[in-house]
Amino acid sequence: MSIILCCASIPTALTGLVNGATGLAIVRFFIGLGGSTFVMCQYWTTSMFTKEVAGTANALVGGWGNLGGGVTQLVMGSVLFPLFKTGMSAETAWRTVCIVPAVVAFSSGVAVYFISDDCPKGNYSELKKQGTMLNVSAAASFRQGALNFNTWLLFVQYACCFGVELTMNNASATYFKEEFGQSTESAAALASIFGWMNLFARGLGGFTSDKFNAKMGMRGRLIWQTVCLLIEGAMVLVFANTKNLGLAVFVLVIFSSFVQAAEGSTYGIVPYVNPSATGSISGIVGAGGNCGAVAFGMCFRQLSYKNAFTIMGSIILGSSILSALVTIRGHRSLFCGEDSEIVKNTWKFGNSTGQVLEVPDEESEEKGN
């Protein structure tokens, strides 16, 4: 993660040298690779905390990560750009100001490398030398994650929450401008409300998932996941049919809150799917968000806003049903099955399983999922 942060800071700093569309596309491609640190960070957070509180931890980290994008845009455009412009031309200022986030990213990468540990027990390299941790190939881990049906159910559900967030980030400003006659500045300000909900909503979604887990185990997490997606889908349909600006903003706040709560809830379930392949599962589920954004984005490009919102809301409502199909070994599903005795003791009596680092052994790798 530290290496990617440091490497991504280089094209970020070089943004000011771009003079054409091709150069911009190349720079944006390499900057975009820095986004892969989301998956590494979610896996890292899962390793650092017990699964009973992983929902809160993952959600806070992910939510504040998403919030960082909005804050960066605000600080760069409203604070740093005007500041730089006082001593140079506007064009030189915007080309130079990109050095600031590059320095921040590089410094963060250095800090992660020299200050942090891989897990509560220490660094993986040391654990492998001591024989505490087995060497497992990335291919074996990915195979275990990709062959687990639950991974793909969560992939679809994450497409219907994080994919929706990315879509709204792209479409909401234009929507407010065209449908409500707002100026570019006002439309951008209204659209930013969606992103600012990351300040608390994703973390609250993960926290609530943990609380439901403490009361009902995995069934509680699945119930909360379903509720979040149902309310999210319903709010999309209401938002599409709201013609009053004030009411539309009110609905947007509720809509955004449950979009991000569903994101936090999803990553409260991920660590349970197959603990030994959590990294791969996190990556696959995370990719679902990007795939969802592409699919919903095509709807907004080809259809009217109302039709696009209606399709998106209907798909989200449909994705909530998938929670009933999630079946994790040792845990009760939404409608059937029983928790194992160890799991029951964990959520009934508050005895943590203490599972913060699990690696696949040869037997589990042979049996698969």
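Residues numbered from 1 in each chain as written. Predicted model: local features only at pLDDT ≥ 70, side-chain atom pairs only at ≥ 80, totals over all residues. Heavy atoms only, no water.

Undergrad: Even after reading the chapter, I still don't get the overall build of the chain, so can you show me in this structure?
TA: The helix and strand tally for the chain stands at 18 helices and zero strands. Taking all 369 residues of the chain together, 44% fall into the buried category. Taking as baseline every contact in the chain between residues at least 6 positions apart, the subset at least 24 positions apart corresponds to 76%. For the chain, the exposed area adds up to about 17,900 Å²; of that, 66% sits on carbon and sulfur atoms. (Helix = DSSP H or I, 4+ residues; strand = E, 2+ residues; numbered from the N terminus. Buried < 20%, exposed > 50% of the residue type's maximum accessible area, 1.4 Å probe, protein only. Contact = heavy atoms within 4.5 Å. Areas by Shrake-Rupley, 256 points an atom, 1.4 Å probe, with all protein chains shown as cover.)

Undergrad: Hey, could you run me through the nonpolar core in this one?
TA: Membership of the largest hydrophobic core comes to 52 residues, with the highest contact counts inside it found for Val-164, Met-168, Phe-176, Phe-239, Phe-255, Phe-309 and Met-312. At the level of elements, α9 (149–159), α10 (162–180), α11 (184–196), α13 (218–240), α14 (245–273), α15 (278–302) and α16 (305–320) are the ones that each hand at least two residues to this core. It is α14 that contributes the most residues to this core, 13 residues altogether. Here Met-312 is in contact with Val-164, Thr-167, Met-168, Val-236, Phe-255, Phe-296 and Phe-300, once residues within four sequence places are set aside. (Core = buried A, V, L, I, M, F, W, Y, C linked by side-chain atoms within 4.5 Å.)

Undergrad: For this particular structure, what's the right way to read the side chain of Arg-221?
TA: Mapped onto the elements of the fold, Arg-221 is located in helix α13. The residues contacting Arg-221, other than those within four sequence positions of it, are Lys-51, Glu-52, Gly-55, Ser-209, Asp-210, Phe-212, Asn-213, Ser-265, Gly-268, Ile-269 and Tyr-272.

Undergrad: I tried to follow the pattern of salt bridges on my own but got confused; where do I start?
TA: Oppositely charged side chains are able to pair whenever their charged atoms sit close together. This model, assessed by the stated rule, comprises two salt bridges. For the salt bridge of Glu-263 with Arg-202, the shortest nitrogen-to-oxygen distance reads 3.0 Å. In this pair, Glu-263 sits in helix α14 while Arg-202 sits in helix α12 (residues 201–216), placing the two residues 61 residues apart along the sequence. With respect to class, Glu-263 is no different from Arg-202; both count as buried. Here Arg-221 and Asp-210 are joined by a salt bridge, their closest N and O atoms 2.9 Å apart. With a gap of eleven residues between them, Arg-221 in helix α13 and Asp-210 in helix α12 connect regions that are remote in the sequence. Classification of Arg-221 as buried rests on a relative accessible area of 0%. (Salt bridge = Lys/Arg side-chain N within 4 Å of Asp/Glu carboxyl O.)

Undergrad: Can you walk me through the confidence of the model for the chain in this structure?
TA: Low-pLDDT portions of the prediction should not be read for the details of their coordinates. When pLDDT is averaged along the chain, the result is 83; 89% of the residues meet or exceed 70. Confidence drops under a pLDDT of 50 for residues 353–369, and excluding neighbours within four residues, the segment shows 36 contacts in the predicted structure. (pLDDT = per-residue confidence, 0-100.)

Undergrad: What is the right way to look at the side chain of Gln-144 in this model?
TA: Residue position: Gln-144 is located in helix α8 (residues 138–146). A polar atom in the side chain of Gln-144 sits 3.4 Å from the side chain of Asn-274. (Polar contact = N/O pair within 3.5 Å; in protein donor to acceptor, adjacent residues only side chain to side chain.)

Undergrad: I tried to follow the packing of α14 against α15 on my own but got confused; where do I start?
TA: How two helices pack is summed up by the angle between their axes together with the distance between the axes. Here α14 crosses α15 at 145 degrees, and the two axes come no closer than 8 Å. Between α14 and α15 lies a crossing of right-handed hand. Together, Thr-266, Tyr-267, Val-270, Pro-271 and Val-273 of α14 and Thr-278, Ile-281, Ser-282, Val-285 and Gly-286 of α15 make up the contact between the two elements. By residue class, the composition of the contact of α14 with α15 is six nonpolar, four polar and no charged. (Axes fitted to C-alpha atoms, helices over the stretch in contact; angles between N-to-C directions. Left-handed = near helix turned anticlockwise from the far one by under 90°. Nonpolar A, V, L, I, M, F, W, Y, C, P; charged D, E, K, R; others polar.)

Undergrad: Would you mind going over the packing of α10 against α14 with me for this structure?
TA: At their nearest, the axes of α10 and α14 sit 11 Å apart, and the two run at 170 degrees to each other. In terms of orientation, α10 and α14 fall into the roughly antiparallel class. Here Phe-162, Val-164, Glu-165, Met-168, Phe-176 and Phe-180 of α10 lie close against α14, whose contacting residues are Leu-245, Ala-248, Val-249, Leu-252, Phe-255, Val-259, Gln-260 and Glu-263. In terms of residue class, the contact of α10 with α14 is made up of eleven nonpolar, one polar and two charged. (Parallel < 35°, antiparallel > 145°, perpendicular 65-115°, else oblique.)

Undergrad: Where do I start with the environment of Glu-52 in this structure?
TA: By the secondary structure assignment, Glu-52 is in the loop between α3 (37–48) and α4 (54–85). Judged by its relative accessible area of 16%, Glu-52 is buried.

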